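# Descriptive structure summary
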Amino acid sequence: MAYSNWTLEEVLTTFQLEVTESIDIFANTEPIEPSAELMVELEKKVPVAAAVNTEKARSELIVANILIELREKFERRISLFSGIDFNVDAENGLTGVCDFLIPCVYGAATTGTEWKFLKLKGNRLSIDITVYQISYCDKILGVLASMVDQKA
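What counts and how
- Residues numbered from 1 in each chain as written.
- Predicted model: local features only at pLDDT ≥ 70, side-chain atom pairs only at ≥ 80, totals over all residues.
- Heavy atoms only, no water.
- Salt bridge = Lys/Arg side-chain N within 4 Å of Asp/Glu carboxyl O.
- Helix = DSSP H or I, 4+ residues; strand = E, 2+ residues; numbered from the N terminus.
- Buried < 20%, exposed > 50% of the residue type's maximum accessible area, 1.4 Å probe, protein only.
- Core = buried A, V, L, I, M, F, W, Y, C linked by side-chain atoms within 4.5 Å.
- Contact = heavy atoms within 4.5 Å.
- Pairing = 2+ DSSP bridges.
- Axes fitted to C-alpha atoms, helices over the stretch in contact; angles between N-to-C directions.
- Expected span 1.5 Å × (residues − 1).
- Bend = angle between axes of the 7 residues up to and from the residue.
- pLDDT = per-residue confidence, 0-100.

### Considerations on the pattern of salt bridges
Close approach of charged atoms allows side chains with opposite charge to pair. Here the structure, examined in full by the defined rule, presents 7 salt bridges. K45 serves as the salt-bridge partner of E41, at 2.8 Å between the closest nitrogen and oxygen. One end of the pair is E41 and the other is K45, both in helix α2 (residues 36-52) and 4 residues apart, which spans about a single turn. The class for K45 is partly exposed, based on a relative accessible area of 22%. The network of salt bridges with shared partners includes E41, K44 and K45.

So, in structure tokens, the structure goes:
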């Protein structure tokens, strides 16, 4: 089964996870000032991605730019994988193509203009129900950086 076919309920049941939904799990994360170049790119591309309104457009025009900025902040010490087969465990249905993957025990779901984050520790899945808007790019970068640093 492809990742996109899973529902949250199926994941919780299959992998025996406990879920906690909270506001501002990442509230104490320090924002990271986006570069001037990123801000220029987002000013040009966010309206186009919103107008086209497809997952592909949002991925290519917004998400990729945010993740490249993150990679640069970490002096290219992290890898990004986009559109590759990421078949972890076919027997358990963990197969498919990932949009982007940053090796960690955290997760992000995004439309490009709205971001939500989660973390998995043991069998506890914590979902931050706060929606981070692209206009708070510094906060998004801060949360992603704290995930890479394993500080969130």
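### Re unusual backbone geometry
Residue Q16 is not a glycine yet carries a positive backbone phi of 50°. Locating Q16 in the fold gives a position in the loop between α1 (8-14) and β1 (18-22). In this model, D24 sits at a positive phi of 60°, which is unusual for a non-glycine residue. By secondary structure assignment, the location of D24 is in the loop between β1 and α2. D24 gets classed as partly exposed once you look at its relative accessible area, which sits at 38%.

### Overview of the nonpolar core
Residues I66, L70, W115, F117 and L144 are the most contacted members of the largest nonpolar core, which totals 26 residues. When residues no more than four places from it in sequence are discounted, the contact partners of W115 are V63, I66, A108, A109, T110, T130, V131, Y132, I134, I140 and L144.

### Overview of the environment of V105
With respect to the helices and strands, V105 occurs in the loop between β3 (100-101) and β4 (106-110). Taking the C-alpha atoms as reference points, V105 and G122, separated by 17 residues in sequence, lie 9.8 Å from one another.

### Details of the side chain of S126
Looking at the element boundaries, S126 is found in strand β6 (residues 124-133). With a relative accessible area of 14%, S126 lands in the buried category. Setting aside chain neighbours within four positions, we find S126 in contact with T20, I25, F117, L118 and K119.

### Things to note about the sheet that holds β1
The strand order β1-β6-β5-β4 describes an open sheet built from 4 strands, whose pairing is mixed. Of all strands in the sheet, those bounded by a partner on one side alone are β1 and β4. Strand-to-strand twist across the sheet, computed as the mean angle between neighbouring axes with direction ignored, equals 20°. With 5 bridges joining them, β4 and strand β5 (residues 114-121) adopt antiparallel strand pairing. Looking across to β5, one finds that A109 is bridged to K116. Its contacts with the sheet place helix α4 (residues 137-148) against β4, β5 and β6, and it is angled at close to 20° to β5.

### Thoughts on helix α3 (residues 55-73)
Spanning 19 residues, α3 covers 25 Å between terminal C-alpha atoms, matching the ideal 27 Å at 1.5 Å per step. Approximately 35° is the largest bend angle found in α3, and it occurs at V63. Every buried residue of α3 is accounted for by A57, R58, S59, I62, V63, N65, I66, L67, E69 and L70. Within two residues after α3, E75 carries a phi angle of roughly 50°, on the positive side.

### A look at the confidence of the model for the protein chain
Mean pLDDT over the protein chain: 91, with 99% of residues reaching 70 or higher. At the low end of the mean pLDDT range in the protein chain sits β3, at 71; at the high end sits α2, at 97.

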